[in-house]
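# Results of the structural survey
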Amino acid sequence: MTTDLNTLLTALYVKIDDEIGGTRWMGRPPLLSDSELVCLAVAQALLGYHSEARWLRYARKHLCGMFPYLPQRAGYNKRLRAALPLVKRLIRELAMDSDFWTDTVWITDSTPVSCGMSRPTVQRSHLAGWAGYGYCASHSRFFWGLRLYLVCTPTGMPIMWALANPKIGEREVLAAMFDVDAELVAEREGILLISDKGFASKQFENELAERGVELLRPSLKREKERYGEPMLKKVRQLIESVNDTLKGQLDLEQHGGRTFEGVAIRVAQRVLAMAAGIWHNNQTGAPVTRSLTAYDH
């Protein structure tokens, strides 16, 4: 089996249509099914089209064989925002259908998702109250927007993810994520969670230990060298490379969302595209599991 975009979309369509089923519509079903809609959104993210208008023009010319009917831009945007629950569910289903679901080594980090670059944009944005000002230490810059929190396996397969105001503490957000997926954490024994110094807190580590999660992080300046710290440099590069995939290949920071629903679905769209690529590479035995090169052209 080849690992090109057509094969990925076909496998993803079968996965959604047969195992998840999408929305059950009352009356006449739409001309573009939910399965086709999600596959179309994944293709958009993989091919790097930020503008929905440009994407639909491209799809009408080059993908009409796979998608006989394509809505107008407004209809596509409305359907895509309504499909957020399906996209979130599919991310989890793809992770469960891979060899990485039972992995007990998890890596976590947060990365900025900028939603505005000027003061007038911030003042009139519909995201006011959800987005906020934050600081990105790795790039030494301030931003206005959200933070994407990602818990994934070393291969990059997303296990949990969330968007939060950058003013909320990282430990607080991660604890809330673990509360939401408490059953998922409880059914695994011996989880090793690898993080950076931003999650350093004795109380937080004790809370994780009560859940059966061991936190492995770099030591602070005032601390002695922690157990397992020498191996962290190589492992920390994994989460940085996952963030680079989301930002460099899937254009996370160029999402173009201007409302709560718009930002949420565009971020989920890119997380799903990465999960779909990893899932399909795993199914086909590709040598590099997180490589999206076969699908981006």
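About the thresholds
- Along each chain, the written sequence defines residue order, and numbers are assigned to residues from 1.
- Owing to the predicted nature of the model, reporting of local features is limited to residues with pLDDT of at least 70; listing and counting of side-chain atom pairs is limited to 80 or more, with chain, interface and lining totals taken over all residues.
- Hydrogens and waters are ignored; side-chain quantities use all the structure's heavy atoms.
- Between the rings of Phe, Tyr and Trp (Trp by its six-membered ring), a pair exists once the centres lie within 6.5 Å; its type follows the angle of the planes, with under 30 degrees stacked, over 60 edge-to-face, and the other angles tilted.
- Helix numbering and strand numbering both begin at the N terminus, where a helix is a DSSP run of H or I of at least 4 residues and a strand a DSSP run of E of at least 2.
- Exposure classes here rest on a 1.4 Å probe applied to the protein chains alone. A residue is buried below 20% of its type maximum, exposed above 50%, and partly exposed in between.
- Cation placement over rings: the criterion is NZ of Lys or CZ of Arg within 6 Å of the ring centroid and within 35° of the ring normal.
- By convention in these notes, a salt bridge is any Lys or Arg side-chain nitrogen within 4 Å of a carboxyl oxygen on Asp or Glu.

Before going further, it helps to spend a moment on the packing of aromatic side chains. Under the defined criterion, the tally for this structure stands at 6 aromatic pairs. Arranged with centres 5.8 Å apart and planes meeting at 25°, the rings of Trp55 and Tyr58 form a pair that is stacked. Here Trp55 and its partner Tyr58 are both found in helix α3 (residues 52–62), 3 residues apart, which amounts to about one turn of the helix. For Tyr58, a relative accessible area of 24% gives the class partly exposed. An angle of 50° between the planes, with centres 4.3 Å apart, marks the rings of Trp130 and Phe260 as tilted. With a gap of 130 residues between them, Trp130 in the loop between α6 (119–124) and β2 (132–136) and Phe260 in helix α11 (residues 260–284) connect regions that are remote in the sequence. The class for Trp130 is buried, based on a relative accessible area of 19%. An aromatic cluster of at least three residues, connected via ring pairs, comprises Tyr49, Trp55 and Tyr58. Taking the ring centre of Trp101 as reference, the NZ or CZ of Arg188 above it sits at 4.5 Å.

Pairing is possible between side chains of opposite charge, provided their charged atoms come close. Applying the stated criterion to the full structure yields 10 salt bridges. With its nearest N and O atoms 3.3 Å apart, the salt bridge here joins Asp181 to Arg92. Here Arg92 lies in helix α5 (residues 84–96) and Asp181 lies in the loop between α7 (170–180) and α8 (182–186), a separation of 89 residues in the sequence. Under the relative-accessibility criterion, Asp181 is labelled buried at 18%. Two residues, Arg141 and Glu253, come together in a salt bridge whose shortest N-O distance is 2.8 Å. With Arg141 in strand β3 (residues 141–152) and Glu253 in the loop between α10 (232–249) and α11, this pair connects stretches of sequence that are 112 residues apart. With a relative accessible area of 32%, Glu253 lands in the partly exposed category. Bridged by salt links that share partners, the residues Arg141, Lys247 and Glu253 form one connected network.

Purely geometric stuff here, so don't read any function into it on its own.
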